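# Tertiary structure, described
Now for the letters of each chain:
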Amino acid sequence: MADHSKGDAFRSQRGDVVHDEVEKFIMFFHSHLKDRNVHQLQVVYEVSFTKLTERYYKSSPWPTVGSIAPLVGNDEVFLMLYRELYFRHIYSKLHPTLQQRFDAWENYCNLFNYFLRSDVPPLDLPTVWLWDMLDEFVFQFQSFCQFRGKAKNRAAEERQVLKANQGVWDIAVVIRYLNMLTEKADIVRFLHLHKNDNENDLKFDVIRSLGYFSLIAMSRVHVLIGDYHTALTVLDPIDINRKGYHQRLSSCTVTLHYYLGFTYMMQCRFKDATRTFSNILNFVSRSKQFSNRPHHVDQMLKLCDKMHILVALSVTLSPQRLDDNIEGVIREKFGDKLARLQQG
């Protein structure tokens, strides 16, 4: 450990101040990654990172990769994972610059290329991180599309940079990576072979988990571009009427049901949409805790609010009996909207 003149921080070679507690966290994090200690990695990921963010980085970025690289012996695999958290924090708490959007894209490409390689040992990472990684990948793709869609309001230099980098966050490349991850995992065949088994009893390693979550991420991408037929087809291997792997993570199962229900609505399958939304809303109402992280809870509650509104719209377009609890929430929180819908 370096000798810190201030006792609580040191200045890296790049001039960034890294708090002593953060330095210890980085080395602790790196040590557990090397030791393949998934349990401790999950604590680091879900608890320690969140606490340190609240303490030191609520309104600023985490230390740059160049600042912490010497602490981990320039371990490039660790640094790719650190970058994933670094950019995700910027998207969550700050406003990413154009260059940061480019750099985040490059890091995801490098990270997925690593997962797709056959000449390196697979990483052992917590399941929740694998889901969050793919969920964030699609979110950043969506964010970039919205950013690029407002290019005419930006400075000429920025428009020129966007024009010169049209391959960044390209829809075809995004879908290709998700397809390659599902193929690497052979997840469609695996789920078909075990269609009569309880998915929670099956073994899901890192690659298989990435393949499974990529199906959900790919469906979401197709919803975003308005291809609802493909969005539904992609989810064929996942039977939501049975206990499934997605139920291990509340954020995953809520996201899956939201986009599946939305797809049914866009195909005018209103009864299927209402049933899908109702099932997950009842599941959520029975759940005591979504996640250890407040940001996750906020995201899920927002999705649930959207689903209540979509249920109201669905039963207006195709009248059907609603669960009493769901109807009560809709009337309490969205009574005015419901009345306007019913009045036409």
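Please read these numbers as outputs of a predicted model, since none were measured by experiment.

## Re the nonpolar core
Judged by nonpolar contacts, the single largest core of 116 residues is most densely connected at Phe115 and Leu125. Not counting the four nearest positions on each side in its chain, Phe115 is found in contact with Leu123, Leu125, Met133, Leu181, Lys184, Val206, Ile207 and Leu210.

## Observations concerning the pattern of salt bridges
When the charged atoms of two side chains lie near each other, side chains of opposite charge can form a pair. A full pass over the atoms with the stated rule returns 16 salt bridges. One salt bridge connects Arg117 with Asp119, and the closest N-O pair in it is separated by 2.9 Å. Residue Arg117 is classed as partly exposed on the basis of its relative accessible area, which comes to 38%. Between Asp305 and Lys333 there is a salt bridge, and its shortest N-O distance comes to 2.7 Å. Here Lys333 lies in helix H15 (residues 324-343) and Asp305 lies in helix H14 (residues 294-317), a separation of 28 residues in the sequence. A residue is classified by how much of its surface remains accessible, and Asp305, at 27% relative accessible area, is partly exposed. Because the salt bridges share partners, they merge into one network encompassing Glu54, Lys58 and Lys93.

## Remarks on unusual backbone geometry
For Arg36, which is not a glycine, the phi torsion comes out positive at approximately 60 degrees. When you line up the elements, Arg36 lands in the loop between helix H1 (20-34) and helix H2 (38-56). Despite not being glycine, Asn74 has its phi angle at roughly 55 degrees, a positive value. Take Asn74: it is sitting in the loop between helix H3 (65-68) and helix H4 (76-93).

## Some details on the state of the cysteines
Under the definition given, this model contains 0 disulfides. Take Cys109: it sits in no disulfide, and the sulfur closest to it among the cysteines is that of Cys145, at 14 Å. Assessed through its relative accessible area of 13%, Cys109 is described here as buried. With no disulfide of its own, Cys252 has Cys304 as its nearest cysteine by sulfur position, at a separation of 14 Å.

## Some words on empty space enclosed by the protein
Enumeration over the complete set of coordinates arrives at 1 cavity of 30 Å³ or more. Those elements that place two or more of their residues in the lining of the largest cavity are helix H10 (206-224) and helix H12 (250-266). Partitioned by chemical class, the residues of the lining of the largest cavity number 5 nonpolar, 2 polar and 1 charged.

## Let's talk about the layout of surface pockets
To find leftover empty space, one rolls a probe the size of a water molecule over the atoms. Counted as a void, the largest pocket has a volume near 1000 Å³. What lines the largest pocket is a set of 33 residues, among which Ser92, Glu136, His295, His296 and Gln299 lie closest to the centre. Take the lining of the largest pocket: its biggest share by element is 9 residues, from H14. For the lining of the largest pocket, the residue count by class is 11 nonpolar, 11 polar and 11 charged.

## Things to note about H1
Structurally, the α-helix is built with 3.6 residues per turn, so residues lying three or four positions apart point the same way. In this model H1 runs 21 Å from its N-terminal to its C-terminal C-alpha over 15 residues, within 8% of the 21 Å that 1.5 Å per residue would give. Buried residues of H1: Asp20, Val22, Glu23, Phe25, Ile26, Phe29, His30, His32 and Leu33, and no others.

## As for the packing of aromatic side chains
Counting across every chain of the model gives 32 aromatic pairs. Each ring, one from Tyr57 and one from Trp62, has its centre 4.7 Å from the other, and the planes form 35 degrees; the classification is tilted. Residue classification places Tyr57 among the buried positions, given a relative accessible area of 5%. Residue class for Trp62 comes out buried when judged on its relative accessible area of 2%.

What counts, and where the lines are drawn
- Residues numbered from 1 in each chain as written.
- Predicted model: local features only at pLDDT ≥ 70, side-chain atom pairs only at ≥ 80, totals over all residues.
- Heavy atoms only, no water.
- Core = buried A, V, L, I, M, F, W, Y, C linked by side-chain atoms within 4.5 Å.
- Buried < 20%, exposed > 50% of the residue type's maximum accessible area, 1.4 Å probe, protein only.
- Contact = heavy atoms within 4.5 Å.
- Salt bridge = Lys/Arg side-chain N within 4 Å of Asp/Glu carboxyl O.
- Helix = DSSP H or I, 4+ residues; strand = E, 2+ residues; numbered from the N terminus.
- Disulfide = S-S within 2.5 Å.
- 1 Å grid on protein atoms, 1.4 Å probe; cavity = no way out; pocket = protein on both sides within 12 Å on 5 of 7 lines; lining within 4 Å.
- Points joined across faces, edges and corners; volume = space filled by probe spheres on them.
- Nonpolar A, V, L, I, M, F, W, Y, C, P; charged D, E, K, R; others polar.
- Expected span 1.5 Å × (residues − 1).
- Phe/Tyr/Trp six-rings, centres within 6.5 Å; stacked < 30°, edge-to-face > 60°.

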